[in-house]
Amino acid sequence: MSAVSDRLPTFPWDKLQPYKKTAAAHPDGIVDLSVGTPVDPVPEPIQKALIAAADSPGYPTVWGTPELRDAITRWAEHRLGAREVTHRHVLPVVGSKELVAWLPTQLGLGPGDKVAYPRLAYPTYEVGARLARADHVSYDDPTELDPAGLKLLWLNSPSNPTGRVLSKEELTRIVAWAREHGVLVFSDECYIELGWEADPVSVLHPDVNGGSYDGIVSVHSLSKRSNLAGYRAAFLAGDPAVLGPLLEIRKHGGMMTSAPTQAAVVAALGDDEHVRVQRERYAARRTVLREALLAHGFRIEHSEASLYLWATRDESCWDTVAHLAGLGILVAPGDFYGPAGAQFIRVALTATDPQIQAAANRLTAT
């Protein structure tokens, strides 16, 4: 076991503990904006669907119920503009982080194979490559990468941590380049429902992929758009030639979403109203925090989508973390997401309205 753990970097969130302690000592308590974990209630129709499926004594299937696959295909067509999506084009997974961490291994990648991901990125892309003993490389523009040995290209739009959105033209160019060089594209689109100053587009859109799903798979999660982080509910959609073998591997590994969760996902994907309500909550919180950060002397870059504000005072991210911890506010240092984030912080919108207002008050009072 130590041989496996030795391949991994230090778990970044452990480094925040001293700052969390400082923030918690604030007389009015801590406002934790460091982790993007939902705090609002699970919508009632989804809870009811979960409860109704609670008596599920048998094993669920890895591929999910036909009702779940129907719900995913309908949503992909309705929300993403995808065309002719069938059950063969979809696959439920046990939360998107599990998929990201184990995908290179499940694809059979290893030494000599390369996994690429954005210069500023969710750390688990690198972790997945390390677990598979594959090489890893980061990029600003993936089409400038050396395609030799490149087997898996991660896209992330809207981005975590920056909130940057890749345009339809950028996605089209990248997909064409990847196909030209035989590189498999996985597009992490978990924040696609949370565009503010941009309208995110999926690689499944025919304007991007030319009406073909060859060599492309999109990753979607219900954690943020439906407050289901505790349910571990996500899914893939795209190339059946990729998803078919993954399904077989995951059957052998027992990587199945629980039956009650599957029922809850059907309810979640069939209801747009709760997504609209949650978007409005986050939009309001974003406005409050953005104005307070600007008033406090921060500059905000990108952040046109997702659940975060990518902010800087042009100093070490750890100096900024310490400064805000003194105000009782905990944020994530930008270097968690790569060296290019060394002067930035990521500020999550996932706190209650009173907590967001408290953070804003502290920022504007100093």
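Use the structure listed above.
Not measured: the values here are computed from a predicted model. (Residues numbered from 1 in each chain as written. Predicted model: local features only at pLDDT ≥ 70, side-chain atom pairs only at ≥ 80, totals over all residues. Heavy atoms only, no water.)

**Q** Can you walk me through the nonpolar core in this structure?
**A** Across soluble globular proteins, you tend to see nonpolar side chains buried next to one another. Core analysis: the largest hydrophobic core is formed by 67 residues, its most contacted members being Leu33, Trp154, Phe186 and Leu236. The next biggest cluster of nonpolar side chains, apart from the first, holds 42 residues, and it includes Ile72, Tyr139, Leu150 and Trp177. (Core = buried A, V, L, I, M, F, W, Y, C linked by side-chain atoms within 4.5 Å. Buried < 20%, exposed > 50% of the residue type's maximum accessible area, 1.4 Å probe, protein only.)

**Q** What am I meant to see in the packing of helix α2 (residues 17-24) against helix α12 (residues 317-326) here?
**A** Helices that pack against each other are described as a pair by the angle of their axes relative to one another and the distance between those axes. Closest axis-to-axis distance for the α2/α12 pair is 7 Å, and the angle between their directions is 25°. Our classification of the angle between α2 and α12 gives roughly parallel. For the pair α2 and α12, the contacting residues are Tyr19, Thr22 and Ala23 in the first and Trp318, Val321, Ala322, Ala325 and Gly326 in the second. Counted by class, the contact of α2 with α12 contains six nonpolar, two polar and no charged residues. (Axes fitted to C-alpha atoms, helices over the stretch in contact; angles between N-to-C directions. Helix = DSSP H or I, 4+ residues; strand = E, 2+ residues; numbered from the N terminus. Parallel < 35°, antiparallel > 145°, perpendicular 65-115°, else oblique. Contact = heavy atoms within 4.5 Å. Nonpolar A, V, L, I, M, F, W, Y, C, P; charged D, E, K, R; others polar.)

**Q** Quick question: what am I supposed to make of the layout of surface pockets here?
**A** Over the atoms rolls a probe the size of a water molecule, and in doing so it shows where empty space is left. Here the largest pocket defines a volume of roughly 1100 Å³. Within the residue set of the lining of the largest pocket, elements represented by two or more residues are α5 (96-106), α6 (124-131) and β4 (135-139). Split into classes, the residues belonging to the lining of the largest pocket amount to 23 nonpolar, 12 polar and nine charged. If you add up the space inside the second largest pocket, you get close to 370 Å³. Contributing to the lining of the second largest pocket are 20 residues, with Pro118, Tyr139, Asp140, Arg164 and Leu166 lying nearest its centre. Per element, the largest residue contribution to the lining of the second largest pocket is three residues, and it comes from helix α7 (residues 168-180). (1 Å grid on protein atoms, 1.4 Å probe; cavity = no way out; pocket = protein on both sides within 12 Å on 5 of 7 lines; lining within 4 Å. Points joined across faces, edges and corners; volume = space filled by probe spheres on them.)

**Q** Can you walk me through the pairing of strand β13 (residues 344-348) in this structure?
**A** Along any regular strand the residues' side chains alternate between the sheet's two faces. Of all five residues that make up β13, five are buried, and the element is covered over most of its length. Residues Phe344, Arg346 and Ala348 line one face of β13 and the alternating positions Ile345 and Val347 line the opposite face, and both faces are buried. As paired elements, strand β10 (residues 308-312) and β13 share five bridges and run antiparallel to each other. Within the sheet, the bridge partner assigned to alanine 311 lies in β13 and is isoleucine 345. Direction of pairing for strand β12 (residues 332-333) relative to β13: antiparallel, over a ladder of two bridges. Looking at the pairing, proline 333 lines up with isoleucine 345 of β13. (Pairing = 2+ DSSP bridges.)

**Q** Would you mind going over the pattern of salt bridges with me for this structure?
**A** Any two side chains of opposite charge can pair, on the condition that their charged atoms come close. Enumeration over the complete set of coordinates arrives at 19 salt bridges. Put simply, glutamate 193 and arginine 79 hold a salt bridge, and the shortest N to O gap is 2.9 Å. Placement of the pair is glutamate 193 in the loop between β6 (184-188) and α8 (206-209) and arginine 79 in helix α4 (residues 66-80), with a sequence separation of 114 residues. On the accessibility criterion, arginine 79 (26% relative accessible area) is partly exposed. Among the salt bridges present, the one from lysine 151 reaches aspartate 113, with a minimum N-O distance of 2.9 Å. Here aspartate 113 lies in the loop between α5 and β3 (114-118) and lysine 151 lies in strand β5 (residues 150-156), a separation of 38 residues in the sequence. (Salt bridge = Lys/Arg side-chain N within 4 Å of Asp/Glu carboxyl O.)

**Q** When you look at the sheet that holds β4 in this model, what are you seeing that I'm missing?
**A** In any sheet, the strands associate via hydrogen bonds between backbone groups, in a parallel or an antiparallel arrangement. Within the open sheet, the seven strands sit side by side as β2-β8-β7-β6-β5-β3-β4. Their pairing is mixed. The sheet is open, and its two edges are formed by β2 (90-93) and β4, each paired on a single side. Adjacent strand axes in the sheet meet at a mean angle of 20° when their direction is disregarded. Inspection of the sheet shows β2 paired to strand β8 (residues 234-238) by four bridges, in the antiparallel sense. Note on β8: the bridge partner recorded for leucine 91 is leucine 236. Here α6 sits on the sheet in contact with β3, β4, β5 and β6, set at roughly 160° to β4. In the packing of α7 onto the sheet, the strands contacted are β5, β6 and β7 (216-221), and the crossing angle to β5 comes to about 170°.

Taken by themselves, the reported measurements are silent on function.
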